[in-house]
Each structure stands twice: as C-alpha cells, then as structure tokens.
Amino acid sequence: MTNDADDCVIQFENVSLRYGLGPEVLQDVSFALKSASFHFLVGPSGAGKSSLLRLMYLALKPSRGLVTLFGRDIATTPRRQLPALRRRVGVVFQDFRLLPHLSAFDNVALPLRVAGAREDEVRRHVVELLSWVGLKDHLDARPPTLSGGQQQRVAIARAVIVRPTLLLADEPTGNIDDKMAMRLMHLFEELNKLGTAIVIATHNENLVGRLVHSCLRLDGGRLEVDETARGPAPALAANLRQSSGNAA
Amino acid sequence: MFAKRTDLPLDRDALSRYLPWLIAFMVYMAVLALAGLLVLAAMARYWDADVSGTMTVQIPPTGSAADDDKRVRAAVILLLGEPAIVHAEAITEGRLMALLEPWLGTAEVSADLPLPRLVDVEVEPGADLDMAGLARRLDAAVPGATLDDHRIWLDRLVRLVRSVEALAALVLALMCSATVGTVVFTTRTGLAIHHDVIEVLHLIGAHDGYIARQFAQRALTLGLRGGLIGLALAVPTLLGIGSLARHMEAGIMPNLTLTLTHWLAIVSLPLLAAAIAMLTARLTVTRTLARMP
C-alpha cells in the first residue's frame, strides 16, 4: 500500500517566514501537495503569495517550520544536493527574470544546459517548445526586443522545458491576452496530465473560475483551503489533515 | 582562445577591460624581479665557487726588486710545502698592472707606487687547512707577508647579494598577492553586477561549480592576456639591461646572461599569473555562492 506522504511533492508543516526583524509574512502554513495535482494560489496583493512560492522554489529558508521537497527535509539536506532538487522544480517568475543578454533560444535552453543535456537534444526540445508557444520566428531575439507577452511565453517555456515534477508560476498570464492565457493554461494542464504538480499564483479570478482546480487561499499570511473550490480539493484537505497528524 | 558559450555577460564588464592591464603591470614587475633573483643567485654561486677555493699572499715591497723576488720565491716554496695547497704562483708585474688598469689607467704607475707582490694560491677543495698556523709560518719565513683568503669581503658581498635576492623575492611575493587581491576585487564586483543572473542560474539548479567555472574561465583568459602583454614589455627591458651589463668592464662580475632555464622560468610567469587569477576567481565565487540558500 502506498503511503500518501510518499506521494507528496512538497509539504509545509507550520512554516512561518519573516524578513529580518519584520513581522511574519507567513504564519504557520501547513499543506501537502500530491504529485500530478493542480492548484491555484490566490489571495489579495501582499497576502504572501510570492513569499510562499519563494519558499517552495528554495529561494528562501523558513524562519521556522518544516519544508519537505520530494521527500527531503530541506533543513537537513546538504547544500550540494539542493541543485538536483531545484532542477525538478520549474519556476515562472512574476517579472520573468529572463537573461537579457541571451537569445530567447538560449534562455529556454538554460535549464537543459545546466543539467548537462547534449546540444542536439537542447536544440530539438527548445525549437519545438518555442514553436508551440508561437515564438518560432523569435529564436534569436533578445528579451528586451520582445513584447511583455512574448517574454512571458519565453519564461514559461524555460520553466517547462525540463518537464519538471513541480511547476510554480507567479502570475503567468498577467501580460498576455485571454486567448494566449487559455492556451498556456492548457499547456500547464497537459504537463499536469503527464505527472507534473502545478501551483499557479494568480489574481485572475476569471481564470480560476474557468478551470476546475483546487485553490490555496492566502490572506494575511495565513493559508486556508478554499472548500468551495471545484476539483480535487478534498484530496488536498486529506493531505492537510494527514500533515497535521504527522506533525502531532 | 578560450571562446566558450557563457551564460554570464562577463566580457561586458568595464573591469574586464582593466584587469589585463593590471595583470600586465604585475607580470612586468614580477619578470624583472624574477630575472634579478635568478641572476643574483647565479652571481652568488659563481663567487662562492670561484673565489672561495683561492687565497692571495701579499708581500710588501722592500724597495729592492732582487729582495722582493727572493721573498716571493721563499713564500712560494713554503706554500707548495703545504699538503692542502695544490697551486701557488707569483703574479707577474704585467698581470698585476692589468688587474689595476681599470682603476689606475694605463699610465706608468709601477715606478711611482710601492706595489706589493702577490702570490695566487689554490687550495684543494674540502681540505682542512690551518689558516692561522700557515699565516704564522709565512710571517716567520717572509716578514710582513699576509695571507688573505677573501672570506671577509666575499662574505660581505654574498650577504649583500642575498639581501637583494630576498628583496626581489619579496617583490615577487607582493606581485602575487596584488594579483590575487585584484582578481578577488574584480570577481566580487562581477558577482555583485551579475547577481540577478547568478540567482536565476542558482534557482534553475546550477551547481556553484557551474557558475564558478564561468568566472574562472574568464579570469584565465584575462590573466593570460595580461600576462603575455606584461611579458612582451618585460623582455625588451631585460635584453636592454643585459646589453648594458655586457658593456661593463669589471673582472669580478660574472657573465650576467640569463640561461635557457632562467628564460623558461620567466616565460612561465604569465601562465602562473593566469593560473592564480583562475583559481582566485573560482575560490571567490564558490565562497560567495556558499552564502546563498
């Protein structure tokens, strides 16, 4: 029998975060996300969505609490082993964070090259993905010459190129029209069907309403599960209950 | 030469343009210091080997050439009677004049100056010679004769040479430290300038070594470029100094020409500077990245 905890890609137990000596921006956050699950992370501006994502992609360490990524306790995992965990996490940053001196091709190729992929494989995968997001004619374009929407698509392509186990996206559809937004959401759903767990932080209530997925709702640094959300929310709730039980 | 795809735009840094010139200056100074060090070491060895096995007996003039000849012969006979002495030969007046010519000129001086007579003595290498006893016997056989084993002035000379040698080694060490300091400063500045790019690489799973390698390769290229510029400027300087040294008329000075081994050591300096730059950059980056989560 498979243990549900083993099936979790990421688990937070009573995690809190503060910057320096400031107030806690996240308080006692506990949740567990199963592999191949799909969640929206919603909440008002300043609720701590980006901070939560930063903790999830290991850009920050929690002030207290336990973060487990792919079954590894981050606090006790040797630093040299963290890059291997990070490679399994795709991130779409809110401000894209494309490298301005590299072409769209090289930006998307970056995770593959960092992982040591062969150049012929890099070329094949990158061209295919950039074609899919409608940027086949912009392979050599530098980010500053691309529109906001095009940059966002390059950022998304970079995040999904390695087919990550966990994809974290911070407002991934913020700068693109509804048609392209839905197209990209379908790309995320396709990835999700292939086994990638997905968390999308968004303000776009319209998008959340149109897609059947559970919600993680952040408000004032506290996380709550939106029980009214459609989709696999009960599974998430079960994981939460189990996390609390394990913690106790 | 080391053109490789890099994720960091390091070649666009203003500091990258200055680093080769800073390293060129340091390599230039280091080449001169090393050449001086090598030549001085050779000089000290030459004096030690060439002069330390010899002695000079000085016989004061009596005013009579016949008496002087007799005293010289007596001294030579006494010296050759010593088992540790393999050769003793009176220095002729002509050779004495030739030795004094650089200082006194070619004018007729022998008539006016009461020059002592000299006996050149060669001691068997490693022989145990009782200098004090020999000096006493010599003074008894030839009153006024003195024995000079060159040790006093040779020691002073070698001490001077060793001091200058130490100074050259210190300059060399300072140049290495300055190179390390310059590269540390440049690399840290590069890390600060490219912090955003480095963070992205870090977050997509790049090992510290992946990022450090890019800085190290850049430092290697710039270090090598600067080193070669420094060497190219230093070689004509060395040749010029060598040419001046060859024109010096000093019998005591050994041949100051650099040997093939010396040149190989000098040519290796740019490589050493590049290696120092590369290792320093790599260490600086890995130590800085270790502070990231």
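The rules behind each value
- Residues numbered from 1 in each chain as written.
- Chains lettered and ligands numbered in written order.
- Predicted model: local features only at pLDDT ≥ 70, side-chain atom pairs only at ≥ 80, totals over all residues.
- Heavy atoms only, no water.
- Helix = DSSP H or I, 4+ residues; strand = E, 2+ residues; numbered from the N terminus.
- Buried < 20%, exposed > 50% of the residue type's maximum accessible area, 1.4 Å probe, protein only.
- Contact = heavy atoms within 4.5 Å.
- Axes fitted to C-alpha atoms, helices over the stretch in contact; angles between N-to-C directions.
- Parallel < 35°, antiparallel > 145°, perpendicular 65-115°, else oblique.
- Left-handed = near helix turned anticlockwise from the far one by under 90°.
- Nonpolar A, V, L, I, M, F, W, Y, C, P; charged D, E, K, R; others polar.
- Phe/Tyr/Trp six-rings, centres within 6.5 Å; stacked < 30°, edge-to-face > 60°.
- Lys NZ or Arg CZ within 6 Å of the ring centre and 35° of its normal.
- Buried area = accessible area lost by both parts, 1.4 Å probe.
- Salt bridge = Lys/Arg side-chain N within 4 Å of Asp/Glu carboxyl O.
- Pairing = 2+ DSSP bridges.
- Disulfide = S-S within 2.5 Å.
- Core = buried A, V, L, I, M, F, W, Y, C linked by side-chain atoms within 4.5 Å.
- pLDDT = per-residue confidence, 0-100.

Describing the overall build of chain A
The number of helices and strands found in chain A is 8 helices and 10 strands. Among the 248 residues that make up chain A, the fraction classed as buried is 55%. Look at the contacts in chain A between residues 6 or more apart in sequence, and 68% of them connect residues 24 or more apart.

Remarks on the packing of helix α7 (residues 208-246) of chain B against helix α8 (residues 260-289) of chain B
Residues and elements named next belong to chain B. Relative orientation of the contacting elements α7 and α8 amounts to 155 degrees, with a least axis distance of 7 Å. It follows that α7 is roughly antiparallel to α8 by the angle criterion. Viewed along their axes, α7 and α8 form a crossing whose handedness is right-handed. Class assignment for the residues of the contact of α7 with α8 results in 23 nonpolar, 4 polar and 3 charged.

Focus on the packing of aromatic side chains
Under the counting rule described, the total for this entry stands at 3 aromatic pairs over all chains. R88(A) extends its terminal NZ or CZ atom over the ring of F70(A), reaching a point 4.0 Å from the ring centre.

Structural notes on the interface of chain A and chain B
A common measure of how large an interface is: the accessible area buried when the components associate. Taken together, the contact between chain A and chain B spans 22 residues of the former and 23 residues of the latter. Summing both partners gives a buried area of about 2,000 Å² for chain A against chain B, and 60% of it is carried by carbon and sulfur. Three residues stand out in chain A for area buried against chain B, namely R79(A), R86(A) and H101(A), and they jointly supply 30% of the buried area on that side. At the junction of chain A with chain B, the criterion picks out 2 salt bridges.

A few points about the pairing of strand β3 (residues 38-42) of chain A
Residue and element names in this part refer to chain A. Most of β3 is tucked away: 5 of the 5 residues are buried. Residues F38, F40 and V42 point to one face of β3 and H39 and L41 to the other, with burial holding for every one of them. Bridge count between β3 and strand β8 (residues 197-201): 4 bridges; the pairing is parallel. Paired with L41 across the strands is A201, a residue of β8. Looking at chain direction, β3 and strand β9 (residues 214-219) are connected through 4 bridges and run parallel. Following the sheet pairing, V42 is matched in β9 by R217.

Considerations on the sheet that holds strand β4 (residues 146-148) of chain B
Two pairing modes exist for strands in a sheet, parallel and antiparallel, and in both the strands are linked by backbone hydrogen bonds. Residue and element names in this part refer to chain B. Within the open sheet, the 4 strands sit side by side as β2-β3-β1-β4. Their pairing is antiparallel. Each having just a single partner strand, β2 (85-90) and β4 make up the two edges of the open sheet. Averaged over all pairs of adjacent strands, the angle between their axes in this sheet comes to 20 degrees, without regard to strand direction. Here 3 bridges tie strand β1 (residues 54-59) to β4, and the two strands are oriented antiparallel to one another. Within β4, the position partnered with T56 by the bridge is D148. Set on the sheet, helix α4 (residues 131-141) makes contact with β1, β2 and β4; between it and β4 the angle comes to about 150 degrees.

Topic: the state of the cysteines
Scanning the entire structure with this criterion turns up 0 disulfides over all chains. C215(A) takes part in no disulfide bond, and the closest cysteine sulfur, belonging to C8(A), lies 19 Å away.

A word on the pairing of strand β4 (residues 64-69) of chain A
Residue and element names in this part refer to chain A. Of the strand pairs in this sheet, strand β1 (residues 8-18) and β4 are connected by 5 bridges, and their pairing is antiparallel. Within the sheet, the bridge partner assigned to F12 lies in β4 and is V67. The pairing of β4 with strand β5 (residues 72-73) spans 2 bridges and is classified as antiparallel. By the bridge assignment, T68 is partnered in β5 with D73.

Some thoughts on the packing of helix α2 (residues 65-80) of chain B against α4(B)
All names here are of chain B. Look at α2 against α4: their axes get within 10 Å of each other, and the N-to-C directions meet at 150 degrees. α4 is crossed by α2, and the crossing has right-handed handedness. Across the interface between the two elements, A75, L78 and L79 from α2 touch L134, R137 and L138 from α4. Within the contact of α2 with α4, the residues separate by chemical class into 5 nonpolar, no polar and 1 charged.

Here's the deal with the sheet that holds β1(A)
All names here are of chain A. In spatial order, the strands read β2-β1-β4-β5; together these 4 strands make up an open sheet with antiparallel pairing. Edge strands, defined here as strands with exactly one partner in the open sheet, are β2 (24-34) and β5. Here helix α1 (residues 49-56) sits on the sheet and contacts β1, β2 and β4; the angle it forms with β2, its principal contact strand, is near 55 degrees.

As for the nonpolar core
All names here are of chain A. Ranked by internal contacts, the top residues of the largest apolar core, which has 44 residues, are F40, V126, L130, V160, M185, F188 and I200. Going through the elements one at a time, β3, α3 (104-114), α4 (119-132), α5 (148-160), β7 (166-170), α6 (178-193), β8 and α7 (205-210) are the ones with two or more residues in this core. If one sorts the elements of this core by residue count, α6 sits on top with 8 residues. Residues in contact with V160, not counting those within four places in the same chain, are L129, L167, L187, F188 and L191. Counting 37 residues, the second largest nonpolar core, distinct from the first, contains L52, I74, V199 and L223.

Side note on unusual backbone geometry
Residue and element names in this part refer to chain A. Positive phi values are uncommon outside glycine, yet D28 reaches one of about 45 degrees. Topologically, D28 is positioned in strand β2. Although it is not a glycine, F70 adopts a positive phi angle of roughly 50 degrees. Counting through the fold element by element, F70 comes out in the loop between β4 and β5.

A look at the confidence of the model for chain A
On average, chain A scores 84 in pLDDT, and the residues at 70 or more come to 88%. The low-confidence segment residues 229-248 of chain A (pLDDT under 50) makes 40 contacts with residues lying over four places distant or belonging to another chain.

Considering the environment of T179(B)
Inspection of the secondary structure assignment puts T179(B) in helix α5 (residues 151-193). What T179(B) contacts, discounting residues up to four positions off in sequence, is I23(B), M26(B), A273(B) and I276(B).

Topic: the pattern of salt bridges
With the rule as written, the count across this model stands at 13 salt bridges over all chains. Across the salt bridge formed by R79(A) and D208(B), the nearest N and O atoms sit 2.5 Å from each other. Residue R79(A) is located in the loop between β5 and α2 (82-86), and its partner D208(B) is located in helix α7; the two belong to separate chains. A relative accessible area of 28% places R79(A) in the partly exposed class. Across the pair D120(A) and R118(A) runs a salt bridge whose closest N-O atoms are separated by 3.1 Å.

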